[in-house]
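Coordinate inspection notes
For reference, the chains in residue letters:
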Amino acid sequence: MQAALLLTHGLNGLAIREVDVPVPGEGEVRIRVETVGANQLDLNVISGLGPGAAAKLPRVLGLDPAGVIDAVGEGVDPSRVGEPVVVKPNIPCGTCAQCLAQREADCPRQSVVGVHRDGGAAEYITVPSRSAFARGTISAAHATAAMHSLPIVINAIDVAEVTSADRVLVTGASGTLGQMAVEYLRHLGADVVAASRKPLEMASDVLTVECETPGVLADPARLGGAVNVVIDVTGHAPTLAAAISGLAWGGRAVFCSASVDTNLTIDARAFYLGRKRLAGVASADYSQVERALQLVASGAVVPPIGSRYALTDIRRAYQGFAESLPGKVVIDVV
């Protein structure tokens, strides 16, 4: 038996319980978990809202687990036992046209650990071998902090075709995704404007904008000039709409969340006359995960860790999630 965070119904049905230790199936590995993240998606599962409504209870929660492989299933190289890894939480089907074209982020049949299958807020988790990425010397906590954030913003910035010549607005820059986007854009040499409702502390080469209302983002003068690209991670449709309206000619907008206010309204005439583009990104390709881990390993991007809690104290982590320190909320399993 193992200790695991099992959800049976709502927040009151969330408790550490004894459950069976999973056995890796064909093509799978079992990981002895060291750290796991606390995420907005966990809260969606607990409340049964949005993408969290897909979870069938009871369910072990927890995205982004990191630890060490301790067993492998049939067909997996046994030399992987003892390897430090971190799990890509979005697991593609591996057989659709998108997967065969190595566009795993766009797999329409992908499942998510902690939602469609048991997650990593437990002593052990089993996942497909391909979804367990070697983390080398990256600590478990920093691997957990990077996994769900950096690959997604890399995908968003790839989709937006950002170059060092672009001026890029990051909305929701105080959150983990936003901080990762700012750091990666700085690594690329782009001119970055970071916007948030909260006061921001950023590097001196980043213009910060405290936007008390979304309308601020529609005014290039408030942003120090026009922007070519918007990377929106707020999940707030009015914020995204305002940022799109302020885009320069040929501007590109990519959003990585849609969980707060999802009713997006834009001026269609201004959008098409301005030759603007809009795309949504909710996951990452395998190659983008590998790039993300390489950036972290080299020190080029440092994933921010905000609050840390023991697994036995995870209810408090969820209850205080909205007011937690800037950076990833990391749960120490061992």
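Report on the accompanying structure. Here the structure is a predicted model, which means the values were calculated and not measured.

1. Concerning the sheet that holds strand β4 (residues 59-60)
Read across the sheet, three strands follow the order β2-β1-β4 without closing on themselves; strand pairing throughout is antiparallel. With one partner strand each, in any of the chains shown, β2 (14-19) and β4 form the two edges of the open sheet.

2. Quick notes on the packing of aromatic side chains
Summed over all chains, the structure comprises one aromatic pair. When the centroid spacing of 5.8 Å and the interplanar angle of 50 degrees are considered together, the rings of F133 and Y286 count as tilted. With a gap of 153 residues between them, F133 in strand β10 (residues 132-134) and Y286 in helix α8 (residues 286-298) connect regions that are remote in the sequence. Neither F133 nor Y286 differs from the other in exposure class; each is buried. Directly above the ring of Y124 sits R30, whose terminal nitrogen or CZ lies 5.2 Å from the centroid. Taking NZ or CZ as reference, R130 lies 4.0 Å from the ring centre of Y286, over its face.

3. As for the side chain of S307
Tracing the sequence through the fold places S307 in strand β17 (residues 305-310). Here S307 falls in the buried class, since its relative accessible area comes to 10%.

4. A closer look at empty space enclosed by the protein
Following the criterion strictly, the structure yields one cavity of 30 Å³ or more and no others. For the largest cavity, the calculated volume is near 60 Å³. Taken together, K88, P89, N90, M147, H148, P151, I152, S283, A284 and V289 form the lining of the largest cavity. Along the lines of polarity and charge, the residues of the lining of the largest cavity split into six nonpolar, three polar and one charged.

5. Thoughts on the environment of H116
Topologically, H116 is positioned in the loop between β8 (111-112) and β9 (124-128). Using a relative accessible area of 39% as the deciding quantity, one classes H116 as partly exposed. Linking H116 and E18, residues 98 residues apart in sequence, is a C-alpha distance of 20 Å. H116 has contacts with A54, R59, Q110 and S111, leaving out every residue within four places of it along the chain.

6. Side note on helix α6 (residues 237-245)
The periodicity of an α-helix, 3.6 residues per turn, causes residues three or four positions apart to be oriented the same way. In terms of burial, α6 is largely enclosed, as seven of its nine residues are buried. Taken residue by residue, α6 has A237, T239, L240, A241, A242, A243 and I244 as its buried positions. Next to the buried residues of α6 lie β11 (167-171), β14 (227-232), β15 (247-255), α7 (268-273) and β16 (277-280).

7. Some words on the pattern of salt bridges
Between side chains of opposite charge, pairing is possible as soon as their charged atoms come close. One pass over the full model with this rule turns up 17 salt bridges. Between R32 and E123 there is a salt bridge, and its shortest N-O distance comes to 3.8 Å. Taken together, the residues R32 in strand β3 (residues 28-38) and E123 in the loop between β8 and β9 connect sequence positions 91 residues apart. R59 is paired through a salt bridge with D118; the nearest N and O atoms lie 3.0 Å apart. With R59 in strand β4 and D118 in the loop between β8 and β9, the pair connects residues that are 59 residues apart, well separated along the chain. Looking at R59, the relative accessible area reads 11%, which means it is buried. Put simply, E183, R186 and D205 are held in one network by salt bridges that share partners.

What counts as what
- Residues numbered from 1 in each chain as written.
- Predicted model: local features only at pLDDT ≥ 70, side-chain atom pairs only at ≥ 80, totals over all residues.
- Heavy atoms only, no water.
- Pairing = 2+ DSSP bridges.
- Helix = DSSP H or I, 4+ residues; strand = E, 2+ residues; numbered from the N terminus.
- Phe/Tyr/Trp six-rings, centres within 6.5 Å; stacked < 30°, edge-to-face > 60°.
- Buried < 20%, exposed > 50% of the residue type's maximum accessible area, 1.4 Å probe, protein only.
- Lys NZ or Arg CZ within 6 Å of the ring centre and 35° of its normal.
- 1 Å grid on protein atoms, 1.4 Å probe; cavity = no way out; pocket = protein on both sides within 12 Å on 5 of 7 lines; lining within 4 Å.
- Points joined across faces, edges and corners; volume = space filled by probe spheres on them.
- Nonpolar A, V, L, I, M, F, W, Y, C, P; charged D, E, K, R; others polar.
- Contact = heavy atoms within 4.5 Å.
- Salt bridge = Lys/Arg side-chain N within 4 Å of Asp/Glu carboxyl O.

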